[in-house]
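Architecture and fold: a report
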Amino acid sequence: MAKISPTKTKMREQPPQERIKNFQEVPYGYSEEEAILEAQRCLQCPKPTCITGCPVEIDIPGFIGFIAKGDFPGAIRRLKEKNVLPAICGRVCPQEEQCEKLCILGKKLQPVGIGRLERFAADWEAAHGVPELPQRKRRTGKRIAVVGAGPAGLTVAGDLIQMGHEVTLFEALHEAGGVLVYGIPEFRLPKLIVGREVENLCKMGVKLVKNFVVGTTKTVDELLEEFNAVFLGTGAGLPWFMQLPGENLNGVYSANEYLTRVNLMKAYLFPQYDTPIQKGKRVATIGGGNVAMDSARTALRLGADYSMIIYRRSRVEMPARNEEIHHAEEEGVEFHFLTNPVGYYSDANGWVKEAECIKMRLGEPDSSGRRRPIPIERSNFRIPVDTVVVAIGNSPNPLVPSTTPGLETGRHGNIVTDELTGKTSKKGVFAGGDVATGAATVISAMGAGRKAARAIDEYVRTGKW
Ligand SMILES: Cc1cc2nc3c(=O)[nH]c(=O)nc-3n(C[C@H](O)[C@H](O)[C@H](O)COP(=O)(O)OP(=O)(O)OC[C@H]3O[C@@H](n4cnc5c(N)ncnc54)[C@H](O)[C@@H]3O)c2cc1C
Ligand code: SF4
């Protein structure tokens with residue numbers, strides 16, 4: 001047997017100094033030869049530990065084995081048995097915390113690049129002809145309303161349509177995809193890819209109704225009069241602020257608003273689009289997750305001279321994916337660790353001009369398991385800024401629960417569900433994804449969607465709640 005390379009086959013990408021001037025995707029993806037080379041690193045373990053790390057249980061050695069043989073259609077077919085959105089997951093899933101973390105090779109060498117191979121197979125299919133659409137079972141005549149076209153809603157819709165039901169997908173915005181289109185920037189997940197997956201669902205028979213806000217256009221109770229069941233996949237789109245003095249100044253955004261203006265309102269396509277957005281020269285992003293990395297890297301691409309991350313803990317505790325932190329560092333984002341803002345100051349016209357911060361130290365671990373940040377007294381200092389992006393978290397929007405009697409919610413406004421089925425406290429209504437868990441990941445939203453689809457199928461066939 002050939003000696004296994006200790007490192008993953010390198011994926012070529014745009015050089016940092018070039019890519020900060022455009023919004024094109026950073027990595028180029030594998031060529032066929034590179035993919036085969038990487039696939040040949042897989043040991044084809046008889047008891048593959050990697051699969052236990054995948055929330056949707058993809059047959060990882062199975063699809064990788066096809067790539068190793070050069071059978072790319074076989075690889076994508078195997079992948080799609082468990083994952084309807086492989087081009088998306090291959091790009092944004094935290095594989096280093098999931099399948100790749102459990103890959104046996106990782107004990108001594110770098111794990112197999114499972115995510116890169118998943119992306120390769122999906123892109124290969126897109127570049128080589130018409131994607132194979134799964135067969136639909138015999139029509140059941142049952143009608144299901146899916147509310148919210150993010151990863152949870154798209155998964156539920158895809159699974160239920162294959163099971164033979166009629167599915168209508170209601171989306172509040174003018175584009176389907178949820179965070180995949182309005183949050184995650186083009187340089188990490190091109191909109192074309194999400195558009196392709198949504199189009200496939202529509203070809204399979206899902207009826208997509210855009211600009212339809214459930215809770216305003218129609219209530220859940222009204223949908224229940226027309227449909228046999230309702231799935232709520234409305235996400236966690238309500239941004240948190242720190243309630244600091246000056247947070248309402250001009251130039252202070254929530255990451256949600258900032259990224260929506262760039263993505264959905266197309267500021268990333270300037271100068272073709274003249275989107276109203278502050279293209280700051282000194283931009284401070286508050287937070288340490290993927291959303292913060294996306295915002296700080298977006299600011300560079302909009303022309304910032306300094307894009308800073310202000311984070312209250314240290315690099316070790318940052319929740320963002322390693323790859324995102326690494327890319328941000330390469331691009332010149334400045335990191336201010338153990339630092340927290342305490343207020344903002346304005347110029348004479350009400351625009352933010354300074355962030356006042358305080359230094360922090362780390363104490364004992366808190367309920368999140370990470371060491372608790374503690375302010376250091378009299379360590380305040382000011383940083384000149386002209387734009388601030390607050391990226392400290394989100395919770396579900398209260399619109400649907402507040403217009404749906406009998407729908408139980410939890411402490412942060414999340415809809416309470418049964419974890420195995422997605423059943424809510426209201427008969428006929430299911431929920432899953434960020435609206436149930438709070439802000440999480442694409443794959444966990446898809447996993448919740450899959451479970452809910454099975455439970456909805458059983459409910460509409462048997463009528464048993
Ligand atoms: C900037 C950013 C970067 C991220 N990066 C990553 C990453 O790299 N990897 C990862 O795994 N996860 C990442 N995440 C998290 C991930 O995107 C979410 O966990 C995931 O999208 C949740 O899916 P969802 O379907 O539950 O909700 P969403 O994607 O939020 O979709 C909900 C949909 O419901 C619609 N909706 C809301 N209310 C209504 C209503 N009343 N009527 C009709 N429609 C409604 C919304 O418009 C939206 O389209 C990121 C999140 C953000 C914000
Ligand atoms: S654990 Fe790693 S080496 Fe083993 S089958 Fe999975 S990907 Fe291949």
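Along each chain, residue indices are assigned from 1 in the same order as the chain's sequence is written. Labels follow written order: the first chain is A, the first ligand is 1, and so on. A pLDDT threshold of at least 70 governs which residues receive local features in this predicted model, and a stricter bar of 80 or more applies before side-chain atom pairs are shown or counted, although totals over entire chains, interfaces and linings include all residues. Side-chain measures here rest on the full set of heavy atoms in the structure, leaving out hydrogens and waters.

Digging into the overall build of the protein
- Summing up its helical and strand segments, the protein has 18 helices and 16 strands in all.
- The globule rule used here is 2.2 Å times the number of residues to the 0.38 power, and the radius of gyration it is set against is calculated over C-alpha atoms. Taken over the C-alpha trace, the protein has a radius of gyration of 23 Å; the compact-globule value for 465 residues is 23 Å, and the two agree within 12%.
- Its C-alpha atoms give the protein principal-axis dimensions of roughly 65 × 65 × 50 Å.
- Buried means the residue's accessible area, taken with a 1.4 Å probe over protein chains only, is under 20% of the maximum for its type, while exposed means over 50%, and partly exposed covers the values in between. Burial status across the protein gives 53% buried among its 465 residues.
- Two residues form a contact once any of their heavy atoms are found within 4.5 Å. Here the contacts in the protein between residues at least 6 apart in sequence split such that 69% fall between residues at least 24 apart.
- Note that accessible areas follow from Shrake-Rupley with a 1.4 Å probe, and for residues the cover is restricted to the protein chains shown. Only carbon and sulfur atoms are counted for the fraction: they give 53% of the accessible area of the protein, which is about 21100 Å².
- Computed over 60 positive and 54 negative side-chain charges, the separation of the two mean positions in the protein equals 3 Å. Helix and strand labels come from DSSP, where a helix needs a run of H or I of at least four residues and a strand needs a run of E of at least two; each type is numbered from the N terminus. Positive charges come from Lys and Arg, negative ones from Asp and Glu, while His and the chain ends are left out of the count. By convention, charge coordinates are those of NZ in Lys, CZ in Arg, CG in Asp, or CD in Glu.

Comments concerning the nonpolar core
- Throughout this description, the term nonpolar core refers to a set of buried Ala, Val, Leu, Ile, Met, Phe, Trp, Tyr and Cys residues connected via side-chain atoms within 4.5 Å. Core analysis: the largest hydrophobic core is formed by 73 residues, its most contacted members being Ile60, Phe63, Ile64, Ile67, Ile88, Leu117 and Ile456.
- Ranked by residues supplied to this core, first place goes to helix α18 (residues 442–462) with 10 residues.
- In this view, Leu117 contacts Tyr30, Ala35, Glu38, Ala39, Phe63, Ile64, Ile67 and Val112; residues no more than four positions away in its chain are not counted.
- Membership of the second largest hydrophobic core comes to 30 residues, among which are Val26, Tyr258, Ala299 and Phe335.

A few points about the pattern of salt bridges
- Put simply, a salt bridge is a Lys or Arg side-chain nitrogen that is within 4 Å of an Asp or Glu carboxyl oxygen. The tally for this structure, following the rule as stated, stands at 36 salt bridges.
- Note that Lys266 is salt-bridged to Glu175, the shortest N-O span being 3.5 Å. One end of the pair, Lys266, is in the loop between α13 (255–263) and β7 (282–286); the other, Glu175, is in the loop between β2 (166–170) and α10 (179–182), and 91 residues separate them in sequence.
- Given a relative accessible area of 23%, Glu175 falls into the partly exposed group.
- The residue Glu324 makes a salt bridge to Arg321 at a minimum N-O spacing of 4.0 Å. Like Arg321, Glu324 is buried.
- Each of the salt bridges in this network shares a partner with another, and the network as a whole consists of Glu13, Arg19, Glu96, Arg188, Asp294, Arg297, Arg301, Arg321, Glu323, Glu324, Glu330 and Glu331.

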